[in-house]
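Coordinate analysis (summary)
Listed below, chain by chain, are the residues.
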Amino acid sequence: MNPFTLTRAESVDAAVRDFSGHDSSAYIGGGTNLLDLMKENVARPTHLVGLNKLPLTSIETTAEGGLRLGATATNADTAWHPDVQARYPLLSQAILAGASPQLRNMATNGGNLMQRTRCYYFYDLATPCNKREPGSGCSAIGGYNRIHAILGASEQCIATHPSDMCVALAALEAVVHVRGNGGERRIKFEDFHRLPGDAPEQDNTLKAGELIVALELPKKGFEKNFSYLKLRDRTSYAFALVSVAAALELDGTTIRDARLALGGVAHKPWRSPAAEDLLKGQPATEATFRKAAEASVEGAVGQGANDFKIELARRAIVRALKQAAAGGKATNVFNNSNP
Amino acid sequence: MSSTTNHVGKAPSRVEGPAKVTGAAKYSAEFNVPDLVYGYVVSSPIAKGKILKIHADKVLAIPGVLQVFSHENVPGLAWFDKSYKDDVAPGGSPFRPLHDDEVKFSMQPVALVVADTFELARYAASILDIEYKESTHETDIEAKRDDGHEPGKGKTGYKPPVRRGNANKGLAKAEQHIKQEYIHGAQHHNPMELFGATVHYHPNGKLTIYDKTQGVYNCQQYVTKVFGLSKEQARVVNLYMGGGFGAGLRPQYELFLSVLAALELKRSVRLSLTRQQMFSFGHRPHTLQTVEMGTGPDGALLGLKHSALHETSRFEEYTENVVNWSGMLYKCPDVHLNYQVAALDVYTPLDMRAPGAATGSFALEVAMDEMAYAAGLDPLEFRRRNYAEEDQNENKPFSSKKLREAYDEGARRFGWDKRPMAPRATKEGNMLVGWGVAGGVWDASMQKAAAKATITADGKLTVSSAAGENGTGTYTIMTQIAAETLGLPMEAVTFKLGDTTLPEAPVQGGSWTAASVGSAVKSTCEALGEKLLKLAQKLGDSPLKGAKFEDVEFVNGQIRLRQDHDQAVVLRDVLQTSGEREIEADSSAMPNPLTMQKYSMHSHNVVFVEVKVDEELGTVHVSRVLNVVAAGRILNQKTARSQVLGSIVWGISMALMEETVMDHRFGRYMNHNYAEYHVPVNADIRDIEVVFVEEEDPHVNPLGVKGIGEVGLLGVAAAITNAVYHATGKRVRQLPIYLDKLL
């Protein structure tokens with residue numbers, strides 16, 4: 001970890017100004033990922049802009065009937081917020097499937113979007129990594145890639161985005177509000193994270209110095225029929241091998257609207273419009289779910305140690321959709337297969 | 001009056017509990033001594049090669065950076081290998097930190113940066129520029145399948161593989177026959193507490209070394225030989241340990257590096273490894289095993305072959321007893337065991353909880369399950385039919401063995417008789433339910449240990465021995481033994497350990513501390529008792545006049561005649577009228593060679609497991625574990641149970657999660673942190689239960705104890721594997737049982 005200076009910004013404008021006033025700045029909220037990255041010398045900012053004094057902790061209903069989540073509200077406060085639990089239980093479930101209570105108490109909503117991949121090679125300076133050091137190569141290709149991507153990867157990078165919360169946000173079509181020197185703008189969630197392509201060092205489409213100030217959830221919360229299913233190597237405090245956020249709007253047994261997003265499989269929460277189209281207007285049956293599952297993993301490519309994820313994703317999608325159709329009763333606490 | 005000073009066998013809470021939960025208990029890297037400076041280790045990014053140049057100038061120019069130690073500037077130290085050999089070193093040439101320009105394994109410590117603050121040392125280490133010349137490394141045991149060799153003498157306690165009868169002939173007679181391969185990867189101990197040391201440099205040049213170790217004497221011996229110090233110059237202390245599991249048996253490199261820095265800088269130094277660096281030294285080796293066995297018409301084992309191959313380093317020949325358990329757990333006339341190691345460019349493996357047995361019994365006990373199914377027998381019944389009444393490896397009777405009673409008790413409590421034989425027979429919703437059984441055997445060892453006891457006029461007893469406390473309950477059981485021997489309440493007794501100014505004890509390993517140090521404590525308190533009796537007899541109208549030591553007992557703060565409890569004197573009166581400020585005794589205990597010759601001394605266990613498997617998704621939940629242990633006398637029901645509970649969790653971990661995965665292109669472990677090297681969290685652990693069967697053993701040692709630190713781990717991973725088979729019909733032979741193995 002290199003020496004750094006720290007200021008605690010009192011306003012969003014001051015934070016944005018402070019960021020651009022230094023050569024190598026980083027925003028810090030809960031620090032649950034950035035501190036690890038700094039200790040491992042993966043991130044070497046020389047100036048940190050502390051965000052925890054910003055007035056961005058509120059969770060409020062919007063004029064359009066949606067919900068606005070402040071960027072520095074903690075993951076824990078968000079997951080347990082009565083409006084989130086009542087109207088967006090998919091989001092609550094996804095947040096609670098991630099990390100540990102201690103981490104969720106520190107981690108902020110904006111920070112959750114900004115967490116970086118858990119690729120072993122990204123964290124180890126002894127090995128080449130294009131995301132850490134562009135042009136050095138991807139060690140995960142041909143290496144130990146149990147936790148890596150099966151969808152949307154490139155020859156430069158097969159890392160995955162590790163968030164659970166973001167998978168639900170993708171399914172719910174949240175909007176990210178950001179503020180930079182040029183003022184405020186809104187980014188559709190599907191446009192926020194990016195695929196690695198030729199620039200895996202870029203996780204998202206934020207411009208330099210832009211700060212997330214809020215996440216806005218649209219009115220529709222799929223509060224009746226939803227499921228967040230997370231599969232991992234232990235029951236808690238482990239990143240997803242595959243996770244599924246499934247949300248259905250049912251008219252009797254017919255699916256009126258559907259959302260499906262996958263975690264642990266790509267450089268960003270993975271949505272398949274084709275799969276969602278295969279669900280809409282169809283009966284909520286296993287046969288329908290299977291078709292959607294098949295379409296979701298269309299084009300999936302294994303890297304060796306993660307080949308199993310393709311079949312696991314299919315099965316997880318079917319299970320999650322079944323649980324959603326059944327009313328989202330199952331919890332994710334024990335991998336959705338509570339004995 | 002009934003006795004209130006019988007403590008042994010009861011369940012008192014840990015005497016050091018309040019110190020631990022209030023933070024008063026100090027761990028090695030927590031001792032605050034004046035004017036500390038801080039070290040940070042630089043680890044090699046390559047697995048093999050040479051260090052061409054260490055460009056330290058830039059780092060040394062930073063104000064507050066005191067020194068960069070490396071092979072380029074380490075002063076002349078001890079020359080011969082034997083100076084670097086510790087008590088439990090395997091054969092070969094021990095790794096010497098910062099010795100020369102050779103890199104022998106990935107993450108080898110290649111430099112130590114010392115600075116005024118920890119943060120500065122860490123930063124300086126991160127920018128230290130080192131040039132390497134890489135050479136080709138070999139790290140994959142799979143590539144050495146045909147290239148292993150039977151080890152030489154091995155380290156202390158190593159037993160060469162047993163061969164008796166003619167296994168091929170036995171197998172040829174068999175009606176049913178199985179042969180399978182079993183594999184597990186490397187596993188690291190991963191104690192919560194990082195390896196660390198605080199070296200207090202005193203003005204007179206003497207050192208007090210607070211080091212994370214399971215053996216303070218072992219470390220003192222190492223430090224004095226390597227650095228040419230006298231014992232008075234190097235006091236080693238370890239009062240508490242946040243888990244060892246074998247990782248602290250040998251002196252780790254933080255000891256060498258912190259002492260080096262303290263001596264060179266003439267400053268007090270603190271050094272703590274990082275979590276990543278905890279993966280840079282010994283581990284349970286990646287092991288390939290094959291078990292072949294066959295049975296006759298009645299299910300009797302007619303022949304058994306078990307072979308194992310695991311990695312060792314290029315510089316030391318690590319050995320553990322992997323296969324010999326297969327020659328003694330079940331009766332079999334024709335046995336051929338085979339054990340080989342192969343040298344790779346890795347650090348030397350290191351004893352890890354039940355070393356060898358955890359590995360070997362996994363293969364044996366899964367094979368036994370496979371064999372039972374091939375023979376059409378219930379797996380527990382199959383074990384009963386092949387019960388070993390004596391130790392066939394050594395051709396000796398067991399000093400005691402209540403494994404059959406453990407089978408009975410476990411089966412009854414678990415409800416084993418309700419188990420359907422066929423796999424896939426039980427379903428609950430989405431889940432397939434399976435039951436499995438497995439067990440193991442472990443040495444009941446004893447080592448020489450010494451102790452000292454002092455009682456003061458106010459009736460306070462202090463007993464000491466340089467044993468270790470790695471969370472096992474040493475402080476508590478020794479307090480119990482001492483208090484009971486002299487008829488005192490536990491509150492009147494203080495036990496001191498982990499300090500080379502105290503009488504010598506062996507390293508804390510092999511499950512031998514209770515037997516070894518416990519016997520020494522008992523013997524020392526008895527020696528003190530004899531002195532107290534003599535003083536009691538000097539009292540004016542002593543009712544004990546003429547009594548021999550065997551005639552009296554120490555109970556409830558009194559010395560009294562065994563035959564007539566009214567003939568008693570109060571211990572405190574004896575002390576206060578004696579005119580002595582304190583009375584002292586020391587003694588030691590060692591194993592009895594005659595008994596050892598006559599008997600095979602072992603602990604046994606059997607584990608019953610229930611798993612629930614979501615077949616579609618491959619997830620396994622261990623919903624119930626019952627571990628029945630026959631390990632002689634249990635000194636403290638609470639701490640003993642706690643140790644076995646920990647073993648069960650460990651076994652679940654071994655079965656379902658643990659594996660240090662190496663990328664052989666880099667010769668480097670890649671999941672080297674707590675986020676990616678998985679051990680269970682609370683949510684993974686359900687109903688776990690421990691039962692000790694009564695096992696009186698008059699031979700094993702004066703206390704009748706066998707130790708329970710390791711035996712509880714045996715069988716757990718195999719029983720889970722067997723239960724997964726029973727649930728799903730899928731036989732997994734490579735650990736861990738990740739969900740993809742069941743898809």
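Counting restarts for each chain: residues are numbered from 1 in the order of the written sequence. Going through the entries in the order they are written, you letter the chains from A and number the ligands from 1. The model is predicted, so local features are restricted to residues of pLDDT at least 70 and side-chain atom pairs to those at 80 or more, both for listing and for counting; the totals for chains, interfaces and linings are taken over all residues. The side-chain figures draw on all heavy atoms in the structure; neither hydrogens nor water molecules are used.

For chain B, the name recorded in an unreviewed UniProt entry is Xanthine dehydrogenase family protein molybdopterin-binding subunit, with Hymenobacter busanensis as its organism.

As annotated in an unreviewed UniProt entry, chain A carries the name Xanthine dehydrogenase family protein subunit M and is attributed to Hymenobacter busanensis.

A few points about the pairing of strand E9 (residues 225–231) of chain A
Residues and elements named next belong to chain A. Most of E9 is tucked away: seven of the seven residues are buried. Here's how the labels work: a residue is buried when its accessible area is under 20% of the maximum for its type, exposed when over 50%, partly exposed in between, all with a 1.4 Å probe on protein chains only. Note on conventions: DSSP H or I runs of at least 4 residues are helices, E runs of at least 2 residues are strands, and numbering of each starts at the N terminus. Neither face of E9 is exposed, since Asn-225, Ser-227, Leu-229 and Leu-231 on one face and Phe-226, Tyr-228 and Lys-230 on the opposite face are all buried. For two strands to be treated as a pair, DSSP must find at least two bridges joining them. Where E9 and strand E10 (residues 242–251) come together, seven bridges link them in antiparallel fashion. Bridging from a neighbouring strand, Asn-225 pairs with Leu-248 of E10.

A closer look at the sheet that holds strand E25 (residues 552–555) of chain B
Residues and elements named next belong to chain B. One open sheet accounts for three strands, arranged E25-E26-E27; its pairing is antiparallel. Where the open sheet ends on each side, the last strands, each with one partner, are E25 and strand E27 (568–570). Adjacent strand axes in the sheet meet at a mean angle of 20° when their direction is disregarded. The sheet contact formed by E25 and strand E26 (residues 558–561) spans four bridges and is antiparallel. Opposite Glu-553, over in E26, you have Arg-560 as the bridge partner. In the packing of helix H13 (residues 571–578) onto the sheet, the strands contacted are E25, E26 and E27, and the crossing angle to E27 comes to about 60°. To get an axis, fit a line to the C-alpha atoms, keeping to the stretch in contact for a helix; angles then go from 0 to 180 degrees between the N-to-C directions. In this analysis, two residues are considered to be in contact whenever any of their non-hydrogen atoms come within 4.5 Å of each other.

Describing the domain arrangement of chain A
One can read the domain layout of chain A as domain 1 (5–52) and domain 2 (225–325). For the purposes of this description, domain bounds are those given by an automatic or database domain assignment. The distance between the C-alpha centroids of domain 1 of chain A and domain 2 of chain A comes to 36 Å.

Thoughts on the sheet that holds strand E8 (residues 163–164) of chain B
All names here are of chain B. Here six strands make up an open sheet; going across it, the order is E8-E17-E15-E14-E9-E34 and the pairing mixed. Each of the sheet's edge strands pairs with one partner strand only, and the pair in question is E8 and strand E34 (734–735). Examined bridge by bridge, strand E14 (residues 287–295) and strand E15 (residues 301–313) share nine bridges and lie antiparallel to one another. Looking at E15, one finds that Gln-289 is bridged to Ala-308.

Thoughts on the nonpolar core
Residue types Ala, Val, Leu, Ile, Met, Phe, Trp, Tyr and Cys, when buried and joined through side-chain atoms within 4.5 Å, form a set referred to as a nonpolar core. Of all hydrophobic cores here, the largest spans 97 residues; its most connected members are Met293(B), Phe608(B), Val609(B), Val611(B), Leu656(B) and Ile720(B). Apart from the residues lying within four places of it in its own chain, the contact partners of Ile720(B) are Val609(B), Val611(B), Val622(B), Gly651(B), Ile652(B), Ala655(B) and Leu656(B). In this structure, Ala26(A), Ile255(A), Phe308(A) and Ala324(A) belong to the second largest nonpolar core, which totals 61 residues.

Structural notes on unusual backbone geometry
Residue and element names in this part refer to chain B. For the bond running from Leu-735 to Pro-736, omega is -5°, close enough to zero to count as cis. Here Pro-736 is to be found in the segment after E34. Positive phi is not limited to glycine here, since Asp-35 has a value of about 55°. With respect to the helices, strands and loops of the structure, Asp-35 is situated in the loop between helix H1 (17–22) and strand E1 (36–43). We classify Asp-35 as exposed; its relative accessible area is 62%. A positive phi angle, close to 60°, is found at Ser-511, a residue other than glycine. With respect to the element layout, Ser-511 can be found in the loop between strand E24 (493–496) and helix H12 (513–538).

As for the interface of chain A and chain B
Listed by partner, the interface residues are 43 residues for chain A and 37 residues for chain B. Summing both partners gives a buried area of about 3600 Å² for chain A against chain B, and 57% of it is carried by carbon and sulfur. Here, a salt bridge means any side-chain nitrogen of Lys or Arg that lies within 4 Å of a carboxyl oxygen of Asp or Glu. Notably, a salt bridge pairs Arg319(A) with Asp614(B), separated by 2.7 Å at the nearest N-O pair. Distance and chemistry together define a polar contact, namely a pair of N or O atoms within 3.5 Å, with one atom able to donate a hydrogen and the other to accept it when in protein, and with adjacent residues in sequence counting only for side-chain atoms on both sides. For the pair chain A and chain B, the number of links is 14 residue pairs in polar contact (both at pLDDT 80 or more). The leading source of residues in the side of chain A that touches chain B is helix H13 (residues 308–325) of chain A, at six residues. Note that Gly is not counted as nonpolar here; it falls among the polar residues with everything else outside the nonpolar set of Ala, Val, Leu, Ile, Met, Phe, Trp, Tyr, Cys and Pro and the charged set of Asp, Glu, Lys and Arg. Here the side of chain A that touches chain B is composed, by residue class, of 20 nonpolar, eleven polar and twelve charged. Here the quantity called buried area is the total loss of accessible area, with a 1.4 Å probe, experienced by two parts when brought into contact, counted for both.

Thoughts on the pattern of salt bridges
For the structure shown, the criterion picks out 66 salt bridges over all chains. For Arg290(A), the salt bridge goes to Glu286(A), with nearest N and O atoms at 2.4 Å. Placement of the pair is Arg290(A) and Glu286(A) together in helix H12 (residues 286–296), with a separation of four residues, close to one helical turn. Its relative accessible area of 46% is what places Arg290(A) among the partly exposed residues. Take Glu286(A): its relative accessible area is 31%, and that puts it in the partly exposed class. Look at the salt bridges and you will find they share partners, linking Lys48(B), Glu138(B), Lys144(B), Asp147(B), Arg314(B) and Asp345(B) into a network.

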